[in-house]
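Close look at the chain arrangement
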Amino acid sequence: MGNIISSKEVSATLRAKIRERSLALQENCGIQPGLAVILVGNDPASQIYVRNKQKACEELRFHAFEYKLSENYTQDQLLDLIGVLNKDNKVHGILVQLPLPDHIDEQTVIRTISPEKDVDALHPTNVGKIMIGDYEFLPCTPAGIIELIDSTGVSIDGKQCVVVGRSNIVGKPMAMLLLHRNATVTICHSHTHNLAEICASADILVSAVGKAHFITADMVKEGAMVIDVGMNHDENGKLCGDVEFDEVAPKTSYITPVPGGVGPMTITMLMKNTLHAAEMKRQK
Ligand code: GUN
């Protein structure tokens, strides 16, 4: 049976350090890290994520600025709001919860956020910086996954890593971070031939597909590490990942559960990025 990676422990250790740095910044420089979170519409999953971000801000003594906007909020209104937040000295990080309603263009919104406040690391400037390995912010989910892998003591260097999924928010940056750690990386997606075979070659398999029951035991090498980024609901409405956990776990060396795996780390890394944005302000 694979060891279950405890994100609770990894996350708690990191949050304690973030809280310490945050309090020091407030005491020494009078700067309280501030995070603005914008939610447009009533998507239930997004509402839960936004609530969890607010809770994390309370726990770490960050200032939370919340904007819960109606489904009908226009793109121009949203761009104006971001313009105001870009200039607000109390706001160090701006996060626009995705997905946005269809009448709002995601890329236009992302490009409007000041790169110094882009704590999601989605602005083209920050994406480019990640590509060359000289960056301020890392995207929260991939950065959290690297922390989870590191917590096991298993080295990424030289390993065969397979990432399933090529989204801008997880798959692509995940592959880049693994590459920075000297892994040999394969990115798979919906057009990939021989998907099962490629997955079964992985020492570290990261699944960011968004489909329940997607990764089955035949797709996993004996002794592999499996990281499950999926946040799905099964036939009974129960929260589950992409990985068929019960049949896959016995083959693995390490595996992340859903819930309680990658999810909690994402918010911790968001807090880390917001703190970093506030600390950069001090240095200026
Ligand atoms: N929706 C789901 N995950 C995320 C995330 O990490 N950032 C943003 N902005 N929206 C999301």
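This section reports on the structure supplied with the text.

Analysis parameters
- Residues numbered from 1 in each chain as written.
- Predicted model: local features only at pLDDT ≥ 70, side-chain atom pairs only at ≥ 80, totals over all residues.
- Heavy atoms only, no water.
- Near = heavy atom within 4 Å.
- Polar contact = N/O pair within 3.5 Å; in protein donor to acceptor, adjacent residues only side chain to side chain.
- Areas by Shrake-Rupley, 256 points an atom, 1.4 Å probe, with all protein chains shown as cover.
- Nonpolar A, V, L, I, M, F, W, Y, C, P; charged D, E, K, R; others polar.
- Helix = DSSP H or I, 4+ residues; strand = E, 2+ residues; numbered from the N terminus.
- Buried < 20%, exposed > 50% of the residue type's maximum accessible area, 1.4 Å probe, protein only.
- Contact = heavy atoms within 4.5 Å.
- Pairing = 2+ DSSP bridges.
- Axes fitted to C-alpha atoms, helices over the stretch in contact; angles between N-to-C directions.

Side note on the site of the ligand
Residues in contact with the ligand, as listed here, are Leu95, Val96, Gln97, Leu98, Asp120 and Ile169. At a separation of 2.5 Å, a nitrogen atom of the ligand approaches a polar side-chain atom of Asp120. Burial of the ligand by the protein chains amounts to 80% of its free accessible area of 280 Å². A breakdown of the residues in the shell around the ligand according to their chemical character gives four nonpolar, one polar and one charged.

Structural notes on the environment of Leu85
Relative to the assigned elements, Leu85 resides in helix α3 (residues 75-87). Assessed through its relative accessible area of 1%, Leu85 is described here as buried. In sequence terms Leu85 and Ala12 are 73 residues apart; their C-alpha atoms lie 30 Å from each other. When near neighbours in sequence (up to four residues on either side) are disregarded, Leu85 contacts Ala36, Ile38, Tyr67, Val91, Ile94 and Lys117.

Remarks on the sheet that holds strand β2 (residues 34-40)
Across the sheet, which stays open at both edges, the three strands sit in the order β3-β2-β4 with parallel pairing between neighbours. Each edge of the open sheet is held by one strand with a lone partner, namely β3 (63-69) and β4 (93-96). Strand-to-strand twist of the sheet, defined as the mean angle between neighbouring strand axes without regard to direction, takes the value 15°. Strand direction decides the pairing type here: β2 and β3, joined by seven bridges, are parallel. Note on β3: the bridge partner recorded for Ala36 is Phe65. This element, helix α2 (residues 44-59), spans β2, β3 and β4 of the sheet and lies at about 165° to β2. Across the face of the sheet, helix α10 (residues 262-283) comes into contact with β2 and β4 while running at roughly 130° to β2.

Section: the sheet that holds strand β5 (residues 160-164)
In spatial order, the strands read β1-β11-β8-β7-β5-β6; together these six strands make up an open sheet with parallel pairing. Two strands lie at the open edges of the sheet, namely β1 (3-4) and β6 (184-188), each paired on one side alone. Inspection of the sheet shows β1 paired to strand β11 (residues 254-255) by two bridges, in the parallel sense. Within β11, the residue paired with Ile4 across the bridge is Ile255.

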